[in-house]
Amino acid sequence: METIRTITAGMDALAQRLALRVDRPVTTDPTTVAATPCVLIEPPTLEPPALLCGAYIHRYTVLVIGLPGARAELDPLADLLAQTIEALDDLDLMWVLAEPVAYVPLQDASAAEPCQAYRITVEETTL
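Residues numbered from 1 in each chain as written. Predicted model: local features only at pLDDT ≥ 70, side-chain atom pairs only at ≥ 80, totals over all residues. Heavy atoms only, no water.

Colleague: Provide a residue-level description of the pairing of strand E4 (residues 56-68), including the pertinent values.
Modeller: Note on strand geometry: in a regular strand, side chains alternate between the two faces of the sheet. Here strand E2 (residues 38-41) pairs with E4 via four bridges, running antiparallel. Within E4, the residue paired with valine 39 across the bridge is valine 64. Inspection of the sheet shows strand E3 (residues 45-47) paired to E4 by three bridges, in the antiparallel sense. Within E4, the position partnered with glutamate 47 by the bridge is isoleucine 57. When E4 meets strand E6 (residues 115-126), the two strands line up antiparallel, connected through eleven bridges. The residue of E6 that forms the bridge with tyrosine 60 is valine 122. (Pairing = 2+ DSSP bridges. Helix = DSSP H or I, 4+ residues; strand = E, 2+ residues; numbered from the N terminus.)

Colleague: Now, about unusual backbone geometry: what can you tell me, with residues and values included?
Modeller: In this structure, aspartate 92 takes a positive phi of about 60° despite not being glycine. Here aspartate 92 lies in the loop between helix H3 (74-90) and strand E5 (94-103). With relative accessibility at 71%, the residue aspartate 92 sits in the exposed group. (Buried < 20%, exposed > 50% of the residue type's maximum accessible area, 1.4 Å probe, protein only.)

Colleague: Give a description of the nonpolar core that names residues and reports values.
Modeller: Generally speaking, nonpolar side chains in soluble globular proteins are found buried as a group. Grouped together as the largest cluster of nonpolar side chains are 22 residues, with contacts concentrated most on Leu14, Leu18, Ile41, Val62 and Ile120. If you list the elements that add at least two residues to this core, you get helix H2 (7-19), E2, E4, H3 and E6. The element that contributes the greatest number of residues to this core is H3, accounting for six residues. Not counting chain neighbours up to four residues away, the residues in contact with leucine 14 comprise Ile41, Tyr60, Val62, Leu88 and Leu93. Of all hydrophobic cores here, the second largest spans nine residues; its members include Leu63, Ile65, Val101 and Tyr103. (Core = buried A, V, L, I, M, F, W, Y, C linked by side-chain atoms within 4.5 Å. Contact = heavy atoms within 4.5 Å.)

Now the structure itself:
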């Protein structure tokens, strides 16, 4: 079960690789997310090995988080989303879906409006 023990190492490695390619903070710790544009890497879901090679598929959720508000906040969010997708492509990481979501930072759970965000599903195969 070495794959299970390296979950945080995989999250940190993905965050470090993205941080080198985007202009905003990248974190794996949701308690550090304030109402500011950033990228949050959540723990992956794991798909068990289906082949004899024993490779696991890690499905990471990469949240590209913008500011609270309506449509006016979509342009800055779109810029960060474009940077993040370009970085994923440059890193040869397969992203399979990017969908708009609302995100309420843990530090600001009483906020009147959630932050505009995109949830990107990224797949990485590891042995």
